[in-house]
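# Analysis of the macromolecular model
As a plain string of letters, each chain reads:
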Amino acid sequence: MFKSLLKISYILLIVLVSIKSSFSEIIDEIKIIGNERISDETIILFSKAKINADANENDLNFFLKNLYESNFFKDVSIILENNVLLINVNEEPIIESVIFNGINAQKILDPIRKTITLKDRSSFKENILNDDKIKIQNLLRSLGYYFSNISGFIEDIGDNKINLVYEIDLGQKSKISKITFNGDKVYKDKKLRNIIASEEYKFWKFISGRKFLNEQIIQLDKRLLKNFYLNNGYYNVKINSSFAKLISNNGFELIFNIQANKKFFFNDLNLKISKDYSTDNFSKIFQYFKKIKGEPYSINTIDNVVELIDEIVISEQFESISATVTEEIIDDKINLTFLVKESDKFFVERINIFGNNVTEEEVIRNKLLIDEGDPFNEILTAKSINNIKSLNFFKKVEKQVIEANDSGSKIINITVEEKPTGEITAGAGVGTEGTTIMAGIRENNFLGKGISVNTQLKLSEEDIKGNFTISNPNFQNSDKSVYFNLQALETDRMKTSGYKTNKTGFTFGTDFEYYDDLFFGIGNSNYYEKISTDATASARQQAQKGNYWDSFINLNFTQDKRNQKFQTTRGYLSRYKVDIPIVSDTNSFINTFNYKYFSELYDDNISTISVSLGSAFSLDDSDIKLSERLFIPSTKLRGFESGKVGPKDGNDFVGGNYLATLNFTSSIPQVLPNSQDTDFSIFLDVANIWGVDYDSNLNDSGKIRSSIGIGLDWFTVIGPISFSYAQPLSKDTNDVTQEFSFNLGTTF
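Residues numbered from 1 in each chain as written. Predicted model: local features only at pLDDT ≥ 70, side-chain atom pairs only at ≥ 80, totals over all residues. Heavy atoms only, no water.

Before going further, it helps to examine the overall build of the protein. Helix and strand counts for the protein stand at twelve helices and 37 strands. For 748 residues, the compact-globule estimate of 2.2 N^0.38 gives 27 Å, and the protein exceeds it by more than 25% at 35 Å. Its C-alpha atoms put the protein at 125 × 70 × 55 Å along the principal axes. A sequence separation of at least 24 residues applies to 59% of the contacts in the protein between residues at least 6 apart. Accessible surface, the protein as shown: approximately 39,300 Å² in total, 54% of it carbon and sulfur. For the protein, the centre of its 85 positive side-chain charges and the centre of its 100 negative side-chain charges are spaced 5 Å apart. (Helix = DSSP H or I, 4+ residues; strand = E, 2+ residues; numbered from the N terminus. Rg over C-alpha atoms; globule rule 2.2 N^0.38 Å. Contact = heavy atoms within 4.5 Å. Areas by Shrake-Rupley, 256 points an atom, 1.4 Å probe, with all protein chains shown as cover. Lys, Arg positive; Asp, Glu negative; His and termini not counted. Charge placed at Lys NZ, Arg CZ, Asp CG, Glu CD.)

The next point concerns the packing of aromatic side chains. Scanning the entire structure with this criterion turns up 29 aromatic pairs. Where Tyr-187 meets Phe-228, the ring centres are 4.9 Å apart and the plane angle is 65°; that geometry is what we call edge-to-face. With Tyr-187 in the loop between strand E9 (175–184) and helix H6 (189–195) and Phe-228 in helix H7 (residues 215–230), this residue pair connects regions lying 41 residues apart in the sequence. A relative accessible area of 7% means that Tyr-187 is categorised as buried. Take Phe-228: its relative accessible area is 7%, and that puts it in the buried class. Aromatic ring contacts, followed pair by pair, group Tyr-187, Phe-228, Tyr-229 and Tyr-234 into a single cluster. One residue, Arg-493, lies across the ring of Phe-631, its end atom 5.1 Å from the ring centre. In this structure, Lys-503 packs its charged tip against the face of Tyr-527, placed 4.9 Å from the ring centre. (Phe/Tyr/Trp six-rings, centres within 6.5 Å; stacked < 30°, edge-to-face > 60°. Buried < 20%, exposed > 50% of the residue type's maximum accessible area, 1.4 Å probe, protein only. Lys NZ or Arg CZ within 6 Å of the ring centre and 35° of its normal.)

Taken together, the three strands give an open sheet; going across it, the order is E2-E5-E4, and neighbouring strands pair in mixed fashion. Among the strands making up the open sheet, the edge pair consists of strand E2 (29–33) and strand E4 (73–81). Strand-to-strand twist of the sheet, defined as the mean angle between neighbouring strand axes without regard to direction, takes the value 15°. Across eight bridges, the pairing between E4 and strand E5 (residues 84–91) is antiparallel. The residue bridging Asp-75 from the neighbouring strand is Asn-90, located in E5. (Pairing = 2+ DSSP bridges. Axes fitted to C-alpha atoms, helices over the stretch in contact; angles between N-to-C directions.)

Considering all chains together, one arrives at three cavities of 30 Å³ or more under this definition. For the lining of the largest cavity, the class distribution of residues is six nonpolar, three polar and two charged. (1 Å grid on protein atoms, 1.4 Å probe; cavity = no way out; pocket = protein on both sides within 12 Å on 5 of 7 lines; lining within 4 Å. Points joined across faces, edges and corners; volume = space filled by probe spheres on them. Nonpolar A, V, L, I, M, F, W, Y, C, P; charged D, E, K, R; others polar.)

Moving on, we get to the pattern of salt bridges. Counted by the stated rule, this structure contains 35 salt bridges. With a shortest N-O distance of 4.0 Å, Glu-600 and Lys-263 are connected by a salt bridge. With Glu-600 in the loop between strand E27 (588–599) and strand E28 (607–618) and Lys-263 in the loop between strand E11 (251–259) and strand E12 (265–273), this pair connects stretches of sequence that are 337 residues apart. Look at Glu-600 and you get partly exposed, because its relative accessible area is 23%. (Salt bridge = Lys/Arg side-chain N within 4 Å of Asp/Glu carboxyl O.)

Turning to unusual backbone geometry, a few remarks are in order. Despite not being glycine, Asn-52 has its phi angle at roughly 75°, a positive value. Tracing the sequence through the fold places Asn-52 in the loop between helix H2 (40–47) and strand E3 (54–56). Even without a glycine there, the phi angle at Asp-621 is positive, about 65°. You can see Asp-621 is positioned in the loop between E28 and strand E29 (639–640).

Next up on the list: the packing of H2 against helix H3 (residues 57–69). Where H2 contacts H3, the two axes come as close as 7 Å, and the packing angle between them is 115°. From H2, Ile-43, Phe-46 and Ser-47 reach across to H3, where they touch Phe-63, Asn-66 and Leu-67. Per-class residue counts for the contact of H2 with H3 are four nonpolar, two polar and no charged.

Below, the discussion takes up helix H11 (residues 378–390). When the terminal C-alpha atoms of H11 are compared, their 18 Å separation across 13 residues agrees well with the 18 Å that a helix rising 1.5 Å per residue should span. Buried residues of H11: Ile-379, Leu-380, Thr-381, Lys-383, Ser-384, Ile-385, Asn-387 and Ile-388, and no others. A positive backbone phi angle near 65° is found at Asn-392, which sits one or two residues after H11. (Expected span 1.5 Å × (residues − 1).)

On to the sheet that holds strand E6 (residues 94–101), then. With mixed pairing, three strands are arranged side by side in an open sheet as E6-E8-E7. Single-partner strands in this sheet number two, and they are E6 and strand E7 (149–158). The average angle at which neighbouring strand axes cross in this sheet is 20°, direction not considered. Most of the contacts of helix H5 (residues 126–142) go to strand E8 (residues 161–169), to which it runs at about 30°, and overall it touches E6, E7 and E8.

Right, dumping it as structure tokens:
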């Protein structure tokens, strides 16, 4: 009996609620009460109530919810009576100004203003204020201010208006006291430190901002580490975590946990194309597949395949193409299948670019490989986004492809978030060759035009060198770099050789990629040079005292087949440079050739072989200037004192007209394998320098110099130090040997 009564009561309750919910009235009129600042029309629009529409209890609750969600009102009540909808509101005060006390730097204030929700002329809301304080706290932490204190209060200025005031104490910026790598990381800490952007705090690093804990830089570090491993065969690498642990008052230990896992190698690589396409068009890709089979997995190699597909797409004018890749893992081998197929044909109606407040839109559009009116192509669209990212002007680059009103068209929306593009650098080095100090200022996006401006000063014991360079990497959308350089150089060898030169002038020219990985440059250099001598200089050297004006045509050829530009493990780099005289007192013809080959002889080994050739002679049998004579660089002939090898005039080493060097270096990871901050290597250096145009009696072209030795690169608390011990194998009687050498460098 009791259960039956309970069931009947439940049914009656449902019926009553349904009757009440179904009761409705037609809204004939809407009245607004209590509003001072916000118009009746706006309130009605917020509520979404409409005249002549039916409204029941659920509708009234819907109107109420909409008005509260507008964040303009403290309190709202709604009554529907006699077909009149009465809305009574109590408005939130409006924020006249948002004031930040405690922060003066615009580079901090600007992102804060973008992050917060409550802004000038918006309505105040207590719960949103609390959310904004959390946003500010998180933003400051991402900038390295982990100990900041934030409070906010309201300043009533009457007429239902307020000022919102934030009191912010930034506190000390959090420093990176220590960087640690743990896990199955394969590589030593020393190598991994060279990959990431963050660096440990040292008291002399007063310029670098990378010594502070910064969430954005840490995320960059994780991407750099992952790409490094992916480019060296570690397909399943996991950067499991990166976190900071407080170890002192404001010092953190930055910890990266790395699981490299197994190393993978390319196995079978296939290309599947539509029957409509000829395989002859893709012959370069099939050849490349044969070349890379058996090599360690690398995302750069995959990018090269995509580049080849891009070239074919553009050259063969395939319009609507998409490319996908599938991977099959068998033990430590990876089979890749690239599928190239024709996609549905759409046209690009419009390309919108958002967020570029500094960078001119033309700079961004110059990087696009697809234009408005072109057939939509997924490959070229993705390549365009990568081109924009390569500018390195933006923190983020995102794309959105949406359907246009015309069903056969697409709209591409590109959103960028800009970042600072200027940098100040300073550094110093000390070693057996003396002390060097350098400083520079660089802006990579001058006036938002994509132009690079760089100024640098370098001081050493013999040289003072100043440079000012301005370059446009994509002059008039031609994919050609155009540059202009001003230079002043003083070389003082009065104490060692009895002469000093002062050289001032300018260079201009262009560089561009002529063919696949083959770069060509042509320029013109013009210099005024003054040579001074003292009584210690030889008679022939004193004869060159005076002023000179030289103008040269500069030609450069570079072929870059390295697997990656930084921490190269495979491939080669070849460079040839020649200076051809146009106007010159000595008509000096100067050319150099450098070649370096990289290889991995076994796991964790990097071996290199390099060759350098150089010549400097006069086309009309004159004597070339003292400043044009060649010397063997100390890095090319270890075991000998720099500048004190080769032809000698009296007590002075005068260099030669010709030089040749051959170098072999191989790392030996078996030595101290558990030491995270050291790398050992063995080397063999062979070199010769000969030719004295002003006195053939000084020629010693038959003297081959060579040395063998061991090198140590050691990352210390004050910076990286390089040591080498070399034992000369062959030398000339006049050569000055130096078995031990070192160099210490650091940045500020």
